[in-house]
Amino acid sequence: MKRLLLILVALALLPAAACSLRQKPSGEDYYAQAQLNFATKEYKAAIENYQQVIDKYPFSPYAEDAEMKIGLAYYQQKDYAEAIGALDDFERMHPTSKNLELVSYYIGLSYYEQIGREDQDQGKTEAALKRFQELEQRFPEGDFAELAHDKVLVCREMLARNEMIVGNYYYKRANFRAAESRFAELLQKYPETPVAPDALYELGISLEKEGKRYSAAQAFAAVKKHFPTSIYAKRAQAELTKLHEPIDTEEDPLPLVLAETGYGGNPDDSNADRVVVRQRSDMRGADVASSGGGSAYGADGLPNLDAPAAVKNAPDPSQPDLPSAKPGAPDMMRAPAPILPKPTGSIAGAADAQARAMTGLAAAAPSEPSLHQMDADTAPPLSQSEAPTAGPATLKTIRLSSNDPPLSVILELSGPVSFDKNLESNSDGSTATVVLKDVTPDVALQTHLVFDKSIFKDCSVSSSSAGTTVTLKTQPVAHFAVVPLEGPPRLLMTFTPQAGTLKTSSAN
């Protein structure tokens, strides 16, 4: 009886003993299972197992990679909002990670995949553009720079087409002033896009509808100068013949007409719309994309997260910590090697070192060519370089433009300057004033000049501690603009005469 009791007790304790022998899954086990789920496109299960690594083993050598893979898995599921959130968190938590380029690219791609039609809200387009431009600037020679640049061009064209649609909307409703503003803004921000010739022509038509015949003529002249082979060049010539207005042939008419519409000078000083253009000798992304087959990039040029381990000499987006499959490299589904302790030092110091490294890389990047490779007889679009820094300068000469009749006054300077302008008009004429800050007149410059030609009467020059003031008296004008020009430095004061004024004054 006692023996039977012992046997029964042993049998009762056997399951408990078996449970105690069963080992709890480790961080490596969860990670390996997640990798397998990811490779077989079971992204929901992969996310769950990656999350187990983060929650239960936050100090595991696999935790950082698991955080990133969660974002990539959400992207593969087309859950773009969750992908952006997860990858943004990764960027914030790991500012010195070697995978930042890949993460930044997929954040941009998550916005990019949500872009709708060109007549819809472009918030996602702007967000994608910002991300891709940041990637180009931070990693100009990285594996994703060329792919990001292609997306930048698409985003800029989408934004330009949206501006074109809005401009046409206002034009069809006879709100020509609003249409003018939209077309001018398009040309200022996106001069390299395919819709630029159309926008410039429509800008001229809008100005003509507003009664701004002289400004319209400059816009049509700019169409001929910048887009001579487009279908709009002949239309622009027909409008010029009909208008029979004088054209400023001494300077490029495009910055003149943009200045008169309120978008003159250099583009916005912010980098939001700047395009980084490079010539790269390392075309790894493009070469791999064209190789097809088992490439790390798909036929559309996008990184392939499911690329097989046999891919040679190509970045592997699905396993960022294994950038290439060189001989002897670990298999892509194998867990990463344990992370060795890093040298002691502050996180801020590491981030500062990373920033210095990126700054040095950016400084060493080659110079940027123009956005267009244009024909020899075609003028380039409005420059997108930043304005030179203004400083102390000398006003050397003041002269009328060489046009017949002249409608502009040119102030020749020793360097770039800052200025304020003002226009006062009455029935007797107009007085245009330009205050040149931190500028002194040349000792040989006369303080009073008599022009008595075209719409211009005379000009006076005075100086003070604030700078130099140029006061120009003219026949009545409807508008005037001041356009900073380079090579050599100068300011162009261009005037739009009131109807009938030029005909009367030209007899002088």
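Reading the values: the criteria
Residues numbered from 1 in each chain as written. Predicted model: local features only at pLDDT ≥ 70, side-chain atom pairs only at ≥ 80, totals over all residues. Heavy atoms only, no water. Helix = DSSP H or I, 4+ residues; strand = E, 2+ residues; numbered from the N terminus. Expected span 1.5 Å × (residues − 1). Buried < 20%, exposed > 50% of the residue type's maximum accessible area, 1.4 Å probe, protein only. Contact = heavy atoms within 4.5 Å. Pairing = 2+ DSSP bridges. Axes fitted to C-alpha atoms, helices over the stretch in contact; angles between N-to-C directions. Parallel < 35°, antiparallel > 145°, perpendicular 65-115°, else oblique. Left-handed = near helix turned anticlockwise from the far one by under 90°.

The terminal C-alpha atoms of helix α5 (residues 80-93), which comprises 14 residues, lie 20 Å apart, in line with the 20 Å expected from a rise of 1.5 Å per residue. Those residues of α5 not exposed but buried are Y80, A83, I84, A86, L87, F90 and E91. Considering only its buried residues, α5 is in contact with α4 (63-76), α6 (100-112) and α7 (123-138).

Right, let's talk about the sheet that holds strand β5 (residues 439-441) for a bit. Strand order in the open sheet made by the 5 strands is β5-β1-β2-β10-β9, with mixed pairing throughout. Only two strands of the sheet have a single neighbouring strand rather than two, namely β5 and β9 (477-485). Mean inter-strand twist for the sheet, computed between neighbouring axes without regard to direction, equals 30 degrees. With 8 bridges joining them, β9 and strand β10 (residues 490-497) adopt antiparallel strand pairing. Bridging across to β10, L485 finds its partner in R490. Running over the sheet, helix α13 (residues 253-260) touches β9 and β10 and is turned about 125 degrees from β9.

On to the packing of helix α10 (residues 196-209) against helix α11 (residues 213-226). Here α10 crosses α11 at 165 degrees, and the two axes come no closer than 8 Å. Considering the angle they form, α10 stands roughly antiparallel to α11. Both α10 and α11 take part in a crossing whose hand is left-handed. Contacts from L200, Y201, G204, I205, L207 and E208 in α10 reach S215, A216, A219, F220, A222 and V223 in α11.

This paragraph deals with the pairing of strand β7 (residues 456-464). Relative to β7, strand β6 (residues 448-453) runs antiparallel, the two sharing 4 bridges. Paired with V450 across the two strands is D458, which belongs to β7. The hairpin turn running from β6 into β7, its antiparallel successor, is 2 residues long, and S454 in that turn takes a positive phi close to 55 degrees. One ladder, built from 8 bridges, connects β7 with strand β8 (residues 467-474); its direction is antiparallel. Looking at the pairing, F456 lines up with T474 of β8. Count of turn residues in the β7/β8 antiparallel hairpin: 2 residues.

The subject of this paragraph is the pairing of strand β3 (residues 418-426). Taken together, the 9 bridges between β3 and strand β4 (residues 429-437) define a ladder with antiparallel strand orientation. By the bridge assignment for β4, F419 is matched with L436. With antiparallel pairing between neighbouring strands as the criterion, β3 and β4 make up a hairpin whose turn holds 2 residues.

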